[in-house]
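Here's the letter readout for the chains.
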Amino acid sequence: MIKRKNETSILIIYTGGTIGMVHDPKNGSLVPIDFKHITNHVPELDKFGFDLQSITFNPVKDSSNIDPSMWINMAETIEKNYIRFDGFVVLHGTDTMAYSASALSFMLENLAKPVIFTGSQLPIGLLRTDGRENLLTAIEIAAAKEKGTALVPEVCIYFDNELTRGNRTTKYSAEHFDAFNSPNYPPLAEVGLHLKYNFSDIHYPPKNKKLIVNKSFDTNVAILKLFPGINRNFVEAVINTKGLKGLIIETFGSGNAPTTKWFIDDLKEFIAEGGIIYNVTQCHGGSVEMGLYETSRQLLTAGVVSGKDITSEASVTKLMHLLGKHKSKKNVIKFLSTPLAGEIS
Ligand code: ASP
């Protein structure tokens, strides 16, 4: 791979997902194929005049099968090729794209180049596919520079005419082309006739800082979604999970939960035994504000940590990342409350 001077170079990392899928003639279900399928269907790729290279994961995966080892794989691929390329486009299934984009945002410290995740709702081989536009524009964004500086040096998701910060984004439609949104942070770019970047909302890292890649995750975490009538045996089964270190409680509204004594006592006991509880709202938009209501004040006094306006996807990947990186509970709690990559306001 020799790069000509001044030539823009983009690395496309194909991990799997609908964008590269075809119908299996045997049973009609969607199965992944290799990356060549994508270039066959998007001859326009050549017109960019960029140095476009690709790496296909082996095997490619439906994103429901993605796990932290794949995040490490993605981050290491970027790390190995960081100097050589101007930007990276990660092709990924939509189902867990927001988790992977969040995880990579925490892994790639001091990132100064674009890492743009995209995929599609319809396979790229179909006439009405959304994959072609998503891929072409993701490449254009990954390549965008001014005076040698990347316009969007962040881990982002580009989908259906909108570029959003990866760790602020959530998949909300299994059907529409407009499948993602970022409820608590404005889009970083909007695409119509022109590509309009919202420069004041894009994060630019300090200059000349070396890329650091954090590769440890601790998966001893759980999410407990609250609902009216939640059963004590169920709550205690989750809390007593062997090895559990971090529990995310998905609470009501601005971080509220039942005030039932057994529930609060269970949470207190888990915290007293060294566990961490992170309060994330099950509302699509808005923020946890513990203490606003009586039903959240008790969580605050019990030592539950506020997730503020974090998405569920960013909360679980952030907790795994912090538990993997820091030995002390005090540090994990401190960094849970601190924006690491713009994931909380
Ligand atoms: N199940 C697929 C995946 O997430 C759906 C998609 O690509 O959109 O890998």
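Residues numbered from 1 in each chain as written. Predicted model: local features only at pLDDT ≥ 70, side-chain atom pairs only at ≥ 80, totals over all residues. Heavy atoms only, no water.

## Details of the overall build of the protein
Selection criterion: Under the scheme used here, helices are H or I runs from DSSP no shorter than 4 residues and strands are E runs no shorter than 2 residues, and both carry numbers assigned from the N terminus. For the radius of gyration, the atom set is restricted to C-alpha positions; the globular benchmark scales as 2.2 Å times the number of residues to the power 0.38. Partly exposed residues are those whose accessible area sits between 20% and 50% of the maximum for their type, while under 20% is buried and over 50% is exposed, using a 1.4 Å probe and protein chains only. By definition in these notes, contact holds between two residues if any of their heavy atoms fall within 4.5 Å. For the accessible areas, the method is Shrake-Rupley and the probe is 1.4 Å, while residue cover comes only from the protein chains on display. His is not counted, nor are the chain ends; Lys and Arg add positive charge and Asp and Glu add negative charge. We put the charge of a Lys on NZ, of an Arg on CZ, of an Asp on CG and of a Glu on CD.
The secondary structure content of the protein amounts to nine helices and 20 strands. Its C-alpha radius of gyration of 21 Å places the protein within 12% of the 20 Å reference for a compact globule of 345 residues. Along the three orthogonal principal directions, the C-alpha set of the protein runs to about 65 × 55 × 35 Å. With 345 residues in all, the protein has 52% of them scored as buried. For the protein, restricting intrachain contacts to residue pairs at least 6 apart in sequence, the fraction spanning at least 24 positions comes to 73%. Surface accessibility of the protein: about 16000 Å² in total, with carbon and sulfur atoms responsible for 52%. The protein carries 36 positive and 36 negative side-chain charges, and their two centres are separated by 7 Å.

## Points about the pairing of strand E19 (residues 276-281)
Heads up, the rule is: The rule for pairing is simple: two strands pair if DSSP sees at least two bridges between them. A clockwise path from the first strand over the helix to the second, with the strands pointing away from the viewer, defines a right-handed crossover.
Counting buried positions along E19 gives six out of six residues, so the element sits mostly inside the fold. Of the two faces of E19, both are covered, the one formed by Ile 276, Tyr 278 and Val 280 as well as the one formed by Ile 277, Asn 279 and Thr 281. Direction of pairing for strand E18 (residues 246-251) relative to E19: parallel, over a ladder of six bridges. Within the sheet, the bridge partner assigned to Leu 247 lies in E19 and is Ile 277. Crossover handedness for the path E18 to helix H6 (residues 261-272) to E19: right-handed.

## Structural notes on helix H5 (residues 232-239)
The following threshold applies: It is the directions from the helix axis to the C-beta atoms whose arc is reported.
Considered for burial, the residues of H5 that qualify are Val 235, Val 238 and Ile 239. Taken end-on, H5 shows its buried residues confined to a sector of 95°, consistent with a single buried face. Residues of H5 that are buried make contact with strand E17 (221-225), E18 and H6.

## Notes on the packing of aromatic side chains
Rules: Two rings from Phe, Tyr or Trp (for Trp, the six-membered ring) form a pair when their centres are within 6.5 Å of each other. A pair whose planes differ by under 30 degrees is stacked, one over 60 is edge-to-face, and the rest are tilted. Our definition puts a charge over a ring when NZ of Lys or CZ of Arg is within 6 Å of the ring centre and also within 35 degrees of the ring normal.
In this structure the tally under the stated criterion is eight aromatic pairs. With 5.0 Å between their ring centres and 5° between their planes, Phe 48 and Phe 50 make a pair best called stacked. On the basis of relative accessible area, Phe 48 is assigned to the partly exposed category, the value being 23%. Judged by its relative accessible area of 25%, Phe 50 falls in the partly exposed class. Through a chain of ring-to-ring contacts, the aromatic side chains of Tyr 82, Phe 85 and Phe 88 assemble into a single cluster. A cation sits over an aromatic face here: Lys 113 above Tyr 82, 5.1 Å from the ring centre. Against the face of Tyr 185 rests Arg 165, its NZ or CZ located 4.3 Å from the ring centre.

## Side note on the site of the ligand
Convention followed: One heavy atom within 4 Å of a molecule or strand is enough for the residue carrying it to be called near that molecule or strand. Pairs of N or O atoms within 3.5 Å make up the polar contacts considered here, provided that, within protein, one atom can donate a hydrogen while the other can accept it, and that residues adjacent in sequence are counted only when both atoms are side-chain atoms.
As a structural note, the neighbourhood of the ligand is formed by Gly 17, Thr 18, Asp 62, Ser 63, Gly 93, Thr 94, Asp 95 and Ser 120. One of the side-chain N or O atoms of Thr 94 is found 2.3 Å from an oxygen atom in the ligand. One of the side-chain N or O atoms of Asp 95 is found 2.8 Å from a nitrogen atom in the ligand. For the ligand, the accessible surface in isolation is 270 Å², of which the surrounding protein chains cover 89%.

## Some words on the environment of Thr 94
Take Thr 94: it is sitting in the loop between strand E5 (87-91) and helix H3 (97-107). A residue is classified by how much of its surface remains accessible, and Thr 94, at 6% relative accessible area, is buried. Along the primary structure Thr 94 and Ala 174 are separated by 80 residues, whereas in three dimensions their C-alpha atoms are 8.9 Å apart. Contact partners of Thr 94, with chain neighbours within four places excluded, come to Ser 63, Ser 120, Gln 121, Phe 159, Lys 171 and Phe 180. At a separation of 2.9 Å, a polar atom in the side chain of Thr 94 contacts the side chain of Lys 171.

## Some thoughts on the side chain of Asp 266
To be explicit about the condition: Just to be clear on terms, a salt bridge is a Lys or Arg side-chain nitrogen sitting within 4 Å of an Asp or Glu carboxyl oxygen.
Tracing the chain through its elements places Asp 266 in helix H6. With no salt bridge to any partner, buried Asp 266 finds its closest opposite charge in Arg 232, at an N-O distance of 4.6 Å. What Asp 266 contacts, discounting residues up to four positions off in sequence, is Val 235, Glu 236 and Ile 239.

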